[in-house]
Amino acid sequence: MVLAWWQHGVVYQVYPRSFQDSDGDGTGDLPGIISRLDYLVWLGVDAVWLSPVYPSPMTDFGYDVSDYCNVDLLFGTLADLDALIAAAHARDVKIILDYVPNHSSGQHPWFINSRNGRASAKRDWYIWHDGAPGSGPPNNWQSHFGGSGWTWDEGSRQYFYHSFLPTQPELNWRNPQVRAAMFDVLRFWLARGVDGFRVDVMWLMIKDDQFRDNPPNPHCTAGGSSYGRFIPLYTADRPEVQEIVAGMRAVLDEYPDRVLIGELYLPIDRLVAYYGVDGRGAQLPFNFQLVQMPGWDASTIADIITRYEAALPPGGWPNWVLGNHDRPRIASRIGTAQARVAALLLLTLRGTPTLYMGDELGMVDTPIPEAEVQDPAEQREPGRGLGRDPERTPFPWQAGPGAGFTNGTPWLRIGTDAPLSVQRADPASMVNFCRGLLALRRRHPALAGGTIECVAAHGPVLSFRRASHGDTLVVLANTSGAPAAVEVPAGEVLLSTHADRIGKSVTAALTLHPDEAVILQPREVQHGR
Ligand code: GLC
Ligand code: MG
């Protein structure tokens, strides 16, 4: 089977605000990204997913789009984006855009028209409802960022719905005109050469048309988010969303070789529905199992791999994620030493890996003092650990003020992580380890497209085997901070989190260092004689 680029390749997420500033305004931009493409080639990734760069009032840092077919001046111009696509393609790197179809900005001309009055041409393009009898919002649907998901519009005397901020009104995907307009947005970018889309909150796009109350969540914890008080039965993962996903996929299929990726925070059994009937849905429904797992241990990871692989529909291609701009960094969640183990797993498990910018440096969350908080999620529900600024700090390219990220004042403070320039010079650094992993992945068909077998946990050690046409590799990962002895096939260690092990031969038993993971090539088994 010939694999598509999005199957054997590695996706790298760039959060544009924080990658590279080119004009000294303290915010990353498109010319900045172009100037750093050679780093991504050096690192060895195949595709770049950009968080939104469209015109936006930036109340949710670009996830509030006021024009789907342009570029915000903060990031550059449409010509800059064309130049980025061309420069990436010249280096054999694909460009994936973020598509935010669930909601627009309140400043989008569509919403401005919609809220003009009940008779407005675009009234039905958004989700409007009368208040409950008596007073107050129509039902108990909550915003993910705290409080009711309904906001009263005094001018037109109805409520509008928003899963996020009141500045992010929800588009009504039941309306065929909305579908047509939003599908044309996809075509606009596909025609410019964009290689695919990551679809924002794909599982939220359709809400119950009877506006029924969500049931209370019996497991909600005191001090948790207001959203967590209810089970989102009527506001998430509604059956009708599948038809919309299939519609998006059909638009992408009008162009050769494009990929549809879905942001989906769902349990495995529901997640796999988004591959669609006969594979006509998303090619890569984001698998956040390793992002969402509490703790980090071999038996839970083995269980996740086994259940996920078993749940995949025929032809469904797996994918793995460790982090993104919404979740605490992997190195902060499981520790710097285990972050290497996690990177080795991300790049050796079966399926497409998505690497979040900076995780290849082992970046940790940077605490943001209250006075500097930027994220609206933190501002609306302070102190509950919901803030996303810590994982969005600028990329540290080099030592010194501005870290090579900016000549001006960075929009968000820069952390204390070891910068790229320092790490590049150190063969034992995290970035060189990740680069080695990416190179090995490219060389071994077993890693890029082979089967996964024998997934097991032996105490703290996770192990599995990858195989493809005579190329066989064994992965062993010690998820604990103590040495761990395991039985192994005789062979050679191709790569380890620990440099002293690389290139060594092993026989029947191996004692892994604390926090060590290895990729082993078994010596060929000799039969007969
Ligand atoms: C997605 C984005 C997140 C944003 C939200 C609303 O979860 O990843 O950053 O705040 O959608 O668009
Ligand atoms: Mg700038």
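Thresholds, definitions, all that
- Residues numbered from 1 in each chain as written.
- Chains lettered and ligands numbered in written order.
- Predicted model: local features only at pLDDT ≥ 70, side-chain atom pairs only at ≥ 80, totals over all residues.
- Heavy atoms only, no water.
- Helix = DSSP H or I, 4+ residues; strand = E, 2+ residues; numbered from the N terminus.
- Buried < 20%, exposed > 50% of the residue type's maximum accessible area, 1.4 Å probe, protein only.
- Contact = heavy atoms within 4.5 Å.
- Areas by Shrake-Rupley, 256 points an atom, 1.4 Å probe, with all protein chains shown as cover.
- Donors = N, O, S within 2.8 Å, 3.2 Å for Na, K, Ca; no water.
- Core = buried A, V, L, I, M, F, W, Y, C linked by side-chain atoms within 4.5 Å.
- 1 Å grid on protein atoms, 1.4 Å probe; cavity = no way out; pocket = protein on both sides within 12 Å on 5 of 7 lines; lining within 4 Å.
- Points joined across faces, edges and corners; volume = space filled by probe spheres on them.
- Nonpolar A, V, L, I, M, F, W, Y, C, P; charged D, E, K, R; others polar.
- Polar contact = N/O pair within 3.5 Å; in protein donor to acceptor, adjacent residues only side chain to side chain.
- Salt bridge = Lys/Arg side-chain N within 4 Å of Asp/Glu carboxyl O.
- Near = heavy atom within 4 Å.
- Sits in = over half its atoms within 2 Å of the grid points.

Colleague: How would you summarise the overall build of the chain if you had to cite specific residues and measurements?
Modeller: When you go through the chain residue by residue, the secondary structure sums to 16 helices and 19 strands. Viewed in the frame of its principal axes, the chain has a C-alpha envelope of about 85 × 50 × 50 Å. Evaluated residue by residue, the chain yields a buried proportion of 59% over its 529 residues. Partitioning the contacts of the chain with sequence separation of at least 6, the portion at a separation of at least 24 is 67%. Of the roughly 20300 Å² of accessible surface on the chain, 54% is carried by carbon and sulfur atoms.

Colleague: Tell me about the coordination of the magnesium ion (ligand 2), and name the residues and values.
Modeller: Around the magnesium ion (ligand 2), the protein contributes the donor atoms Asp21 (OD), Asp23 (OD), Asp25 (OD), Thr27 (O) and Asp29 (OD), which lie 2.2 to 2.3 Å from the metal centre. For the magnesium ion (ligand 2), all donor residues lie on one chain, and their spacing in sequence is D-x1-D-x1-D-x1-T-x1-D. As far as burial versus exposure is concerned, threonine 27 and aspartate 29 are alike and both buried.

Colleague: Would you mind going over the nonpolar core in detail, with residue names and values included?
Modeller: Note that soluble globular proteins tend to have their nonpolar side chains buried in a common cluster. Core analysis: the biggest nonpolar cluster contains 151 residues, and Tyr12, Tyr39, Leu81, Trp173 and Met248 have the highest contact counts within it. Once residues within four sequence positions are removed from consideration, tryptophan 173 is found in contact with Tyr99, Pro101, Asn102, Val178, Arg179, Met182, Phe183, Met205, Ile206, Ile244 and Met248. By size, the runner-up hydrophobic cluster in this structure holds 12 residues, among which are Val461, Val488, Val493 and Leu510.

Colleague: Give me the lowdown on empty space enclosed by the protein, citing residues and values where you can.
Modeller: Under the counting rule described, the total for this entry stands at 3 cavities of 30 Å³ or more. The calculated volume of the largest cavity comes to roughly 60 Å³. Leu322, Ile330, Ala339, Ala343, Leu355, Asp359, Glu360, Met430 and Cys434 are the residues that line the largest cavity. A class-by-class count of the residues in the lining of the largest cavity yields 7 nonpolar, no polar and 2 charged.

Colleague: Any chance you could break down the side chain of asparagine 478 for me, citing the residues and the numbers?
Modeller: The residue asparagine 478 is located in strand E14 (residues 471–478) in this model. You can call asparagine 478 buried: its relative accessible area is 0%. In terms of polar contacts, asparagine 478 uses its side chain to reach the backbone carbonyl oxygen of alanine 482, at 2.8 Å. Among the polar contacts listed, one links the side chain of asparagine 478 to the backbone oxygen of histidine 513, at a separation of 2.9 Å. Those residues in contact with asparagine 478, other than ones at most four positions away along the chain, are Gln338, Val341, Pro460, Val461, Pro483, Ala484, Leu512, His513, Pro514, Asp515 and Glu516.

Colleague: Quick rundown of the pattern of salt bridges? Include the residues and the values.
Modeller: Evaluated as defined, the whole model comprises 29 salt bridges. For glutamate 170, the salt bridge is made with lysine 207, and the minimal N-O distance between the two is 2.8 Å. With glutamate 170 in the loop between strand E6 (158–161) and helix H6 (176–191) and lysine 207 in the loop between strand E7 (196–199) and helix H7 (241–252), this pair connects stretches of sequence that are 37 residues apart. Considered together, glutamate 170 and lysine 207 belong to a single accessibility category, that of buried residues. Between arginine 307 and aspartate 303 there is a salt bridge, with the nearest N and O atoms lying 3.0 Å from each other. Taken together, the residues arginine 307 and aspartate 303, both in helix H10 (residues 298–311) and 4 residues apart, mark about one turn of the helix. Assessed through its relative accessible area of 41%, arginine 307 is described here as partly exposed.

Colleague: Pulling in residues and values, what's your account of the site of ligand 1?
Modeller: Close to ligand 1 lie 14 residues, the nearest being Asp60, His103, Asp200, Glu263 and Asp326. A distance of 2.6 Å is found between an oxygen atom of ligand 1 and a side-chain nitrogen or oxygen belonging to aspartate 60. Between ligand 1 and the protein, one listed contact pairs an oxygen atom with a side-chain N or O atom of arginine 388 at 2.9 Å. Protein coverage of the free-state accessible area of ligand 1, which is 310 Å², stands at 96%. The cavity where ligand 1 resides is the largest pocket. Across the shell around ligand 1, the residue classes tally to 4 nonpolar, 3 polar and 7 charged.

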